[in-house]
Amino acid sequence: MSAASWAYPTDRVTLREVGLRDGLQLVKRVPSTAGKIDWLQQEYAAGVRCFEVGSFLPASRMPQFADVRLMIDEVSRLDDARSSALTLNERGVDDALTTQVDEIVCVVSATEEHSQANMRRSRQAAVDLVGLAVEKAGASEHHPLVNAGIAMAFGCSIAGDVDQGEVLRLAEDCLEAGADVVGIADTVGFAGPRQVSDLCAGMVKLCRDQPFIVHLHDTRGLGLSNASAALDAGCRVLDASLGGLGGCPFAPGATGNIVFEDLVYLCETKGFATGIDIPALVGTRDVLKRELPDEKLYGALARSGPPPNVSWAA
């Protein structure tokens, strides 16, 4: 079994909490480290095990991630929990490798236009960074996984349509560069279920017995429909954020990630046991209300709860 298959077993669903990173990209107020740790620990107690906890970017630019090392340390203290963090350049990779982070996330844009706008480098240079991260991670003491996430995989806010074959080619390039796992992201929420199903089917053929990740946004209200299509097509690793927190600087006014609580319910009703306690997970929203009072939270389960008198859990 590969390291990626051990981290993300293909015989079950794994849900990654990305709220502590993607969810905090555009917040109006920086949450306290104590509040973030409370968020992490409450979700862990509810059964969540995979956490993307921040980005290795200058604190002057992204003060909400100034404590990323402390957050990684917190995850390392929790049994069976895994941490990941975003690295956008060589320095970020080097900084990440000074910690005990379990997974380094690199970004490769599906379009040249977004790659230049987001990272100021070409797509090939982004793939090269994946290869460099693989080399450095392999030479490190704890060998973290390298995750290559393909942004704008379902449509680009700058270039428009994105060819599915081009996304699969980039995914193959990342795998050939040594990436342990590849993700496909609907960064600005353009996708519909058929598009998600088709691309996931292509990823299943490409990755074979290796896991891949699907990252969805609910910009146009199709987030959970797209998640259902991804599961039906063979995806077993999905990203989400508590309360749907988040947004994208390339989609002004857009809502954030799909709602973690609602995704758990979707998975359970489709027969995928998650091991996550929905009422306890919903209760964690109180931390967000306290730490981020200016942010709008989303989610149907927080409003109505799971049905009390019928069988719905896997």
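Residues numbered from 1 in each chain as written. Predicted model: local features only at pLDDT ≥ 70, side-chain atom pairs only at ≥ 80, totals over all residues. Heavy atoms only, no water.

**Student:** Lay out unusual backbone geometry in plain terms, naming residues and giving numbers.
**Tutor:** The phi dihedral of Asp80 falls on the positive side, at around 70°, and the residue is not glycine. Relative to the helices and strands, Asp80 is located in the loop between helix H3 (68-76) and strand S3 (82-86). Taking relative accessible area as the criterion, Asp80 reaches 68% and is therefore assigned exposed. For His143, which is not glycine, the phi torsion reads 50° and is therefore positive. (Helix = DSSP H or I, 4+ residues; strand = E, 2+ residues; numbered from the N terminus. Buried < 20%, exposed > 50% of the residue type's maximum accessible area, 1.4 Å probe, protein only.)

**Student:** I'd like a rundown of the packing of helix H2 (residues 33-46) against H3, residues and numbers included.
**Tutor:** Where H2 meets H3, the closest approach of the two axes is 11 Å, and the angle between their N-to-C directions is 30°. Taken together, H2 and H3 sit at an angle that is classed as roughly parallel. For the pair H2 and H3, the crossing hand works out as right-handed. Listed contacts from H3 to Thr33, Lys36, Ile37, Leu40 and Gln41 of H2 are Leu70, Met71, Glu74 and Val75. Classifying every residue of the contact of H2 with H3 by side-chain character gives 5 nonpolar, 2 polar and 2 charged. (Axes fitted to C-alpha atoms, helices over the stretch in contact; angles between N-to-C directions. Parallel < 35°, antiparallel > 145°, perpendicular 65-115°, else oblique. Left-handed = near helix turned anticlockwise from the far one by under 90°. Contact = heavy atoms within 4.5 Å. Nonpolar A, V, L, I, M, F, W, Y, C, P; charged D, E, K, R; others polar.)

**Student:** Explain the environment of Ser83 to me, using residue names and the numbers behind them.
**Tutor:** Considering the arrangement of structural elements, one finds Ser83 in strand S3. Relative accessible area serves as the criterion here: at 2%, Ser83 is assigned to the buried category. Along the sequence, Ser83 and Leu297 sit 214 residues apart, while their C-alpha atoms lie 24 Å from each other. Sequence-distant contacts of Ser83, that is, excluding residues within four places in its chain, are made with Phe51, Ile72, Val75, Gln100, Val101, Asp102 and Glu103.

**Student:** Tell me about the pairing of strand S6 (residues 181-185), residues and numbers included.
**Tutor:** Where burial is concerned, most of S6 is hidden: 5 out of the 5 residues are buried. Across the two faces of S6 the burial is the same, with Val181, Gly183 and Ala185 and Val182 and Ile184 all buried. Pairing of strand S5 (residues 145-151) with S6 involves 4 bridges; the strand directions are parallel. Residue pairing in the sheet places Gly149 in a bridge with Gly183 of S6. With helix H7 (residues 164-176) bridging S5 and its parallel neighbour S6, the resulting β-α-β unit is right-handed. Each parallel crossover has a hand, and the one from S6 via helix H8 (residues 193-207) to strand S7 (residues 212-215) is right-handed. (Pairing = 2+ DSSP bridges. Right-handed = clockwise from strand over helix to strand, strands pointing away.)

**Student:** Could you give me a rundown of the side chain of Glu261, with the residues and numbers involved?
**Tutor:** Relative to the helices and strands, Glu261 resides in helix H10 (residues 260-269). Judged by its relative accessible area of 0%, Glu261 is buried. Those residues in contact with Glu261 that sit more than four places away from it in its chain are Ser241, Leu242, Gly243, Ile278, Leu281, Val282, Arg285, Tyr298 and Leu301.

**Student:** I'd like to hear about the pattern of salt bridges, residue by residue, with values.
**Tutor:** For the structure shown, the criterion picks out 24 salt bridges. One salt bridge in this structure joins Asp11 and Arg12, with 3.2 Å as the shortest N-O distance. Among the residues examined, Asp11 registers a relative accessible area of 62% and is labelled exposed. Ionic pairing is found between Glu295 and Lys28, a salt bridge with its closest N-O pair at 3.9 Å. Remark: Lys28 occurs in the loop between strand S1 (14-17) and H2 and Glu295 occurs in the loop between helix H12 (285-291) and helix H13 (301-304); sequence separation between them is 267 residues. Overall, Glu295 belongs to the buried group, its relative accessible area being 17%. (Salt bridge = Lys/Arg side-chain N within 4 Å of Asp/Glu carboxyl O.)

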